[in-house]
Amino acid sequence: NDFPSGHSTIGAAVAVGLLLVAPDRLRWLVLPAGALAAGFIGHATQVAGWHRLSGSLGGVLLVLAVASGALLALAQAGLVHPSGHGRVSDRVKGLLVAIGSLLVLLGAVVLAIFVGFPLLSAPEGASSAFLHTAFDALGAGVTVLALVAFAAAIEPYAFGLGDEPPRPGVPEPTARPERAA
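Residues numbered from 1 in each chain as written. Predicted model: local features only at pLDDT ≥ 70, side-chain atom pairs only at ≥ 80, totals over all residues. Heavy atoms only, no water.

Chemist: Pulling in residues and values, what's your account of helix H3 (residues 53–76)?
Modeler: Between the first and last C-alpha of H3 there are 35 Å, a value that for 24 residues agrees with the 34 Å anticipated at 1.5 Å per step. Listed in full, the buried residues belonging to H3 are Gly55, Ser56, Leu57, Gly58, Gly59, Val60, Val63, Leu64, Ala67 and Leu71. (Helix = DSSP H or I, 4+ residues; strand = E, 2+ residues; numbered from the N terminus. Expected span 1.5 Å × (residues − 1). Buried < 20%, exposed > 50% of the residue type's maximum accessible area, 1.4 Å probe, protein only.)

Chemist: A description of the packing of helix H1 (residues 6–21) against helix H2 (residues 27–47) should follow, citing residues and the corresponding values.
Modeler: The geometry of H1 relative to H2 is characterised by a closest axis approach of 8 Å and an angle of 175° between their N-to-C directions. As judged from the angle between their axes, H1 and H2 are roughly antiparallel. Of the residues in H2, those touching H1 at His7, Ser8, Gly11, Ala12, Ala15, Leu18 and Leu19 are Arg27, Val30, Leu31, Gly34, Ala35, Ala38, Ile41, Gly42 and Thr45. (Axes fitted to C-alpha atoms, helices over the stretch in contact; angles between N-to-C directions. Parallel < 35°, antiparallel > 145°, perpendicular 65-115°, else oblique. Contact = heavy atoms within 4.5 Å.)

Chemist: Describe the nonpolar core, with residues and values.
Modeler: Ranked by size, the top nonpolar core spans 24 residues in total, and within it Val16, Leu19, Leu31, Leu64, Leu96, Leu147 and Phe150 carry the most contacts. Those elements giving two or more residues to this core turn out to be H1, H2, H3, helix H4 (90–116) and helix H5 (126–154). No other element matches H5, which puts 7 residues into this core. (Core = buried A, V, L, I, M, F, W, Y, C linked by side-chain atoms within 4.5 Å.)

Chemist: Quick one: what's the story with the environment of glycine 78, residue by residue and with numbers?
Modeler: Within the fold, glycine 78 resides in the loop between H3 and strand S1 (80–82). Along the sequence, glycine 78 and phenylalanine 159 sit 81 residues apart, while their C-alpha atoms lie 9.2 Å from each other.

Chemist: With reference to specific residues and values, describe a nonpolar patch on the surface.
Modeler: On the surface, a nonpolar cluster with roughly 500 Å² of combined accessible area is contributed by Leu102, Leu105, Val109, Ile113 and Phe117. Take valine 109: its relative accessible area is 41%, and that puts it in the partly exposed class. (Patch = residues over 30% accessible without salt bridge, like charges linked within 9 Å, V, L, I, M, F, W, Y side chains within 5 Å. Areas by Shrake-Rupley, 256 points an atom, 1.4 Å probe, with all protein chains shown as cover. Salt bridge = Lys/Arg side-chain N within 4 Å of Asp/Glu carboxyl O.)

Chemist: Residue-level account of the environment of serine 128, with values.
Modeler: Along the chain, serine 128 falls in helix H5. Judged by relative accessible area, serine 128 falls into the partly exposed class, the value being 35%. Taking the C-alpha atoms as reference, serine 128 lies 9.7 Å from phenylalanine 114; in sequence the two are 14 residues apart.

Chemist: Now, about the confidence of the model for the protein: what can you tell me, with residues and values included?
Modeler: Mean pLDDT over the protein works out to 80, with 81% of the residues at or above the 70 mark. Taken element by element, the protein is modelled with least confidence in strand S2 (residues 157–159), mean pLDDT 79, and with most confidence in H3, mean pLDDT 90. Counted against residues more than four places away or in other chains, residues 170–177, with its pLDDT under 50, gives 1 contact. (pLDDT = per-residue confidence, 0-100.)

Chemist: A description of the packing of H1 against H3 should follow, citing residues and the corresponding values.
Modeler: Contact geometry of H1 with H3 gives a least axis separation of 8 Å together with a crossing angle of 30°. Two packed elements cross with a definite hand, and for H1 against H3 that hand is right-handed. Listed contacts from H3 to Ser8, Thr9, Ala12, Ala13, Val16 and Leu20 of H1 are Ser56, Gly59, Val60, Leu62, Val63, Leu64, Ala67 and Leu71. In terms of residue class, the contact of H1 with H3 is made up of 10 nonpolar, 4 polar and no charged. (Left-handed = near helix turned anticlockwise from the far one by under 90°. Nonpolar A, V, L, I, M, F, W, Y, C, P; charged D, E, K, R; others polar.)

Chemist: So, the pattern of salt bridges: which residues are in play, and what are the values?
Modeler: Within this structure, the stated rule accounts for 2 salt bridges. Where aspartate 90 meets lysine 93, a salt bridge forms, and the shortest distance between an N and an O atom there is 3.9 Å. Of this pair, aspartate 90 and lysine 93 both sit in helix H4, 3 residues apart, roughly one helical turn. Residue class for lysine 93 comes out buried when judged on its relative accessible area of 17%. With its nearest N and O atoms 3.0 Å apart, the salt bridge here joins glutamate 155 to lysine 93. Of this pair, glutamate 155 sits in the loop between H5 and S2 while lysine 93 is found in helix H4, placing the two residues 62 residues apart along the sequence. The exposure classification of glutamate 155 matches that of lysine 93, with both residues buried.

Chemist: Now, about H4: what can you tell me, with residues and values included?
Modeler: For H4, spanning 27 residues, the distance from its first C-alpha to its last is 37 Å, which sits close to the expected 39 Å at 1.5 Å a residue. Listed as buried for H4 are Val92, Lys93, Leu96, Gly100, Gly107 and Val110.

If you want it as structure tokens, here you go:
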């Protein structure tokens, strides 16, 4: 086991990368796919026994920190600007927050059962099963919630030169003359 989980890091990086390169009007489509896939990958690495909760969440947090730093650098270079285009629907965000919250709640309930009712006469491996279930659900839920929060933070902005308003003192590009057929 290593820290952070490479699988979780790659899953979160793909999700965040898609959010950043997708046109802002398509983020409503990219966000659920990316957040749920990253949550599933983090969950799968824990279920397979490759990583612990800390490794899965560490990968997600590493990606969000690097992406935030890169966005800060882009903002300093003038490549981040307000966008009036598409917003992620409140229903989509609400559904993802509900899914993430339910997973966190499920993990917390299973963990509370484990702590509140010691499994002294349970079959061998029962306590391990409770802990794995609790931590797997917590990791997937926190991953989904973290990616929704990141998407909400970048939602009002567009990146790059695509829809950037003209800057004062910079001449507008001229249209190319059409060629005769």
